[in-house]
Amino acid sequence: IFTAFDPIAQIASENAVQDFIKSQGESGSSLQVATVVVSESGEVLAIVGDKVPTYQGFNRALDAKRSIGSLAKPAVLLSALLAGKTLATQVADAPISVPLSKGKVWEPQNFDHTSHGEVSLLKMLTQSLNQATVRLGIEVGLPGIRNTFRKLTGIMDFPVAPSVILGAVDMSPFNV
C-alpha cells in the first residue's frame, strides 16, 4: 500500500489540537476541531476529526458539513481562467439581480455594502467581492463552475444554483 499519509505530520497535528484545546482553558472543554493537512499537490498527510484524536465516533474532518462561503470563489476564478480570462480581466463590481425560479430575484451584496466599479479578477478574489464574483460566475456559466468543483472536490452531486457561486453548498473539511 502506497500512501501520502505522514505519521510525523499526524502526530504533530494531534499534538497541536490538544495544545490548542488546553490553551483555551475552561472554554476549551466545549470546543471541537477538525484538521486536514495536505501537501502542495493535494495529497492528505494527516487528519484529526475530534479534540480527542483517538475518538472513534463522529469524525468532523470527514463527516461534518458546513457552507463553504467564500472558499468557493477560487473555484469560480479557476473556471474563468480555464475559459480564457486572465487575472487582469476586468469585471464590474456593481449591483446585480439574478432571476430565480418562481419569480424570485437574488441580489447579492458585498460585505461592506458598497460597489467598487471595474475591478480585475485578481482584485475581485483578493478583496472577496461578491457582486463581481457573481457577475463573473454568471458569465462563465454554472455548468463550468460545477465541473470545476467536481474536479477539485470529487463531489458528483453538486447543485446547479447561482448561490453556489458564493459558496452556498455544504462540504466537509476533507472535501474542501
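Up top is the structure.
Our subject in this report is the structure included herewith. Just so it is clear, the structure is predicted and the values come from calculations on it, not from any experiment.

### Here's the deal with the overall build of the protein chain
Secondary structure assignment for the protein chain yields six helices and eight strands. The secondary structure elements of the protein chain, listed N-terminal to C-terminal, are α-β-β-α-β-α-β-β-β-β-α-α-α-β. Counting over 176 residues, the protein chain shows a buried share of 35%. Separation between the mean location of the 14 positive side-chain charges and that of the 15 negative ones in the protein chain comes to 8 Å.

### Notes on the environment of I8
With respect to the helices and strands, the residue I8 is situated in helix α1 (residues 7-23). Put simply, I8 and G154 are 146 residues apart on the chain and 27 Å apart in space, counted from C-alpha to C-alpha.

### Notes on the pattern of salt bridges
Tallied over the entire structure, the rule returns two salt bridges. Across the salt bridge formed by R60 and D50, the nearest N and O atoms sit 3.0 Å from each other. One end of the pair, R60, is in helix α2 (residues 60-63); the other, D50, is in the loop between β2 (44-48) and α2, and ten residues separate them in sequence. Relative accessible area serves as the criterion here: at 25%, R60 is assigned to the partly exposed category. Assessed through its relative accessible area of 7%, D50 is described here as buried. When the shortest N-O distance is used, the salt bridge between E139 and K85 registers 2.4 Å. Placement of E139 in helix α5 (residues 130-140) and of K85 in the loop between α3 (73-82) and β4 (90-93) is noted, with a sequence separation of 54 residues between them.

Reading the values: the criteria
Residues numbered from 1 in each chain as written. Predicted model: local features only at pLDDT ≥ 70, side-chain atom pairs only at ≥ 80, totals over all residues. Heavy atoms only, no water. Helix = DSSP H or I, 4+ residues; strand = E, 2+ residues; numbered from the N terminus. Buried < 20%, exposed > 50% of the residue type's maximum accessible area, 1.4 Å probe, protein only. Lys, Arg positive; Asp, Glu negative; His and termini not counted. Charge placed at Lys NZ, Arg CZ, Asp CG, Glu CD. Salt bridge = Lys/Arg side-chain N within 4 Å of Asp/Glu carboxyl O.

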